[in-house]
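Structural description and commentary
Here is what each chain is made of, one letter per residue.
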Amino acid sequence: MIVQFFIPHPVVNDIANRLQNWAIIVISFSYVLGSANILRINGELVYRRGSGWPYKLVLVAAFFLMVIPGLLFGIKEGSWANDRLFAYTYTPLASTMYASLAFFIASAAFRAFRIRTWQASVLAITALVVMLGRVPISHLIWDELPGIVDWIMNVPNTVAQRGILIGAALGAIATGLKVILGIERSYLGRD
Amino acid sequence: MPQKASCLLLLVLCCHICVRAQSDSVITIIAQGAAPATVVAEDVANDGGDRLLVKWTPTSQVGFSILGYRVLAAKAAAGPFQLMAETDGRTNEAHISSGESWKIEAGDAYFVKVVAVDSTTLAVADSSLPDSVGVKFVKRLRLSESPVTGPTVAEASWFNWDRLNIFLMIVLFYAAVMYMIKRAKAGASLHFRKIAGIDAIDEAIGRATELGKPVLYVPGTQNIENIQTIASIQLLTSVATRAANYDIPIIVPLNRAFMVTVAEEAVKQGFMNAGRPDAYVPDNIRYLSDEQFAFTSGTTGIMMREKTAAHFYLGAFFAESLILSEVGFTSGAIQIAGTANVHQLPFFVVACDYTLIGEEYFATSALVTRDLEMMGTLKATDYMKGFIIACLAIGMFLELIGVKFLRSWFQFI
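Bear in mind that the values here come from a model prediction, so they are computed numbers and not experimental data.

1. Side note on the overall build of chain B
- Check the secondary structure of chain B and you find 11 helices and 15 strands.
- When the 413 residues of chain B are sorted by exposure, 49% land in the buried category.
- Counting contacts in chain B only where the partners sit at least 6 residues apart, residues at least 24 apart contribute 67% of the total.
- Put simply, chain B shows about 19800 Å² of open surface, and 59% of that area lies on carbon and sulfur atoms.

What follows is the structure, encoded as structure tokens:
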């Protein structure tokens, strides 16, 4: 993949595409392993009536409820399995889970903005200014407020983010080199 | 008067034929007036030979209001021509590349023409109007073709010279890594600043041991091709070794089926490193779901039901980061997070006891294992960071005095 980044010739592209296709095939087969993992762990617990077995039973039942109609009726948009089970059942559940983030943000913000140290005070005041500046009536509070908020977001905030990004990018390259050079092999199950 | 009437009748008849021959809404008239004056097609450098750059100059004749241009290409001068690109009337060049039905291939020659699209007003017969009028005036599109240009051969490059800067930086980094590994192996003292989150790993596992509860390790929500996941698997082995030393179970919920075997191997290796392969429990490596929020609710369920006492969130996370860490906080577990996803860092900082930020996260495996090769790589990263900071400082100074070459050299294409 690295060679393909520097050499755009079709000869290299063909090899890279072939490797990517192999990866897709291997990953596809991993779903069989994943399914086996779910059934082995949860099925065994249900069979042994282990702790929390009713939950596991629901999981195993839901697994088959999704897989069997999906295999029988297909999973394209408009099919029974997609519409009734995925779009009308799973998607609302996932949306509910996502919506709970609003409450988690509120509780997390409450803890973050408790003023105990001078750093927390700076954080709380900055957050207050940004929140006030982002509301539609911000210019009624003070004409300069939206400009100050833009400066906070575009200068100190962006500078800090870029600093983190440069460090993280170098770390990522170093990790990649460790893998390529064989220094790091734990992902292959070797120390 | 009869001449005028016959002219009008002829015009109406022509328009009627046009209406019948073409689609009802668009009448196309092939003309030369608005066609581009010159058209040039050239091969795009530093690509795989699958693109051509077509440039044209607009007509010098006045009175045309060009709505847009259509770029057509064929393998023979006589056609058949395929529509390859459409632009607005102000654009004078377009890249054409392979599409779904037609391919531009390296080594093949192509003929190109550009069609200018403008509008004209036509008189069209309308039976609903009184006989004295008989016609109505409507605006129609008019197409004006340029002559065919070519042949132009699409050529494939063996090196993308636009990326020479990145190539040289990687070579430089590679050399630094090799040098620092050599120095580390030779016994040179390598100093690194203390990272609180790394020291806290033992503290967290110790806490779980005191409570007799399992450790939860979430290696992110991305597949193994993500570099953050690879870094997380390195750490998973180290954390598993420590958990095995204290005889504490480690639960690894997974968001990707492919990760099952990888995580199994990493944890198994960790237990073997601790000399406790018998304590390894395969059932604790749990694939939950590929779906983001199904995985999130499954993981939070494990936290609440199994009362896990130490949580590690190390890897690539997205919207699930705050849900996981807030539920973990509510459960009272000690939590250590690490990610390079900048937008998730504030959530982890707020909800977790320790957070490994960006580069710290990638440095953790070296600092935990104290492996000489890894430490050498980490030191090389530090020097590279110093080099980039120096480039930034020099670049700022050069920009201030109006010298632009450093900025353009670092530009990524």
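Here the narrative resumes.
2. Notes on the pairing of strand β4 (residues 66–74) of chain B
Residues and elements named next belong to chain B.
- Burial within β4 is extensive, with 7 of its 9 residues counted as buried.
- Bridge count for β4 against strand β5 (residues 82–88) is 6 bridges, and the pairing is antiparallel. Bridging from a neighbouring strand, Val71 pairs with Ala85 of β5.

3. A word on the domain arrangement of chain A
Residue and element names in this part refer to chain A.
- Structurally, chain A comprises domain 1 (1–73) and domain 2 (77–112).
- Computed from C-alpha coordinates alone, the two centres of domain 1 and domain 2 are separated by 22 Å.
- Counting from both sides, the interface comprises 5 residues of domain 1 and, opposite them, 6 residues of domain 2.
- Summed over both sides, the interface between domain 1 and domain 2 buries roughly 410 Å², with carbon and sulfur atoms accounting for 89% of that surface.
- Considering only the side of domain 1, the residues that lose the most area to domain 2 are Met66, Pro69 and Phe73, jointly responsible for 80% of the buried surface there.
- On the surface where domain 1 and domain 2 come into contact, there are 0 salt bridges.

4. Examining the interface of chain A and chain B
- With 58 residues of chain A at the contact, the number on the chain B side is 78 residues.
- Of the roughly 5600 Å² buried where chain A meets chain B, counting both sides, 73% is carbon and sulfur surface.
- The salt bridge partner of Arg40 of chain A is Asp283 of chain B, with a shortest N-O separation of 2.6 Å.
- If you look at where chain A meets chain B, you find 11 residue pairs in polar contact (both at pLDDT 80 or more).
- Of all elements in the fold, only α1 (2–6), α2 (10–48), α3 (53–73), α4 (80–99), α5 (101–112) and α8 (145–181) of chain A reach the threshold of two or more residues within the side of chain A that touches chain B.
- Looking at the side of chain A that touches chain B, the element that brings in the most residues is α8 of chain A, giving 17 residues.
- Residue classes in the side of chain A that touches chain B are distributed as 36 nonpolar, 14 polar and 8 charged.

What counts, and where the lines are drawn
Residues numbered from 1 in each chain as written. Chains lettered and ligands numbered in written order. Predicted model: local features only at pLDDT ≥ 70, side-chain atom pairs only at ≥ 80, totals over all residues. Heavy atoms only, no water. Helix = DSSP H or I, 4+ residues; strand = E, 2+ residues; numbered from the N terminus. Buried < 20%, exposed > 50% of the residue type's maximum accessible area, 1.4 Å probe, protein only. Contact = heavy atoms within 4.5 Å. Areas by Shrake-Rupley, 256 points an atom, 1.4 Å probe, with all protein chains shown as cover. Pairing = 2+ DSSP bridges. Domains from an automatic or database assignment. Buried area = accessible area lost by both parts, 1.4 Å probe. Salt bridge = Lys/Arg side-chain N within 4 Å of Asp/Glu carboxyl O. Polar contact = N/O pair within 3.5 Å; in protein donor to acceptor, adjacent residues only side chain to side chain. Nonpolar A, V, L, I, M, F, W, Y, C, P; charged D, E, K, R; others polar.

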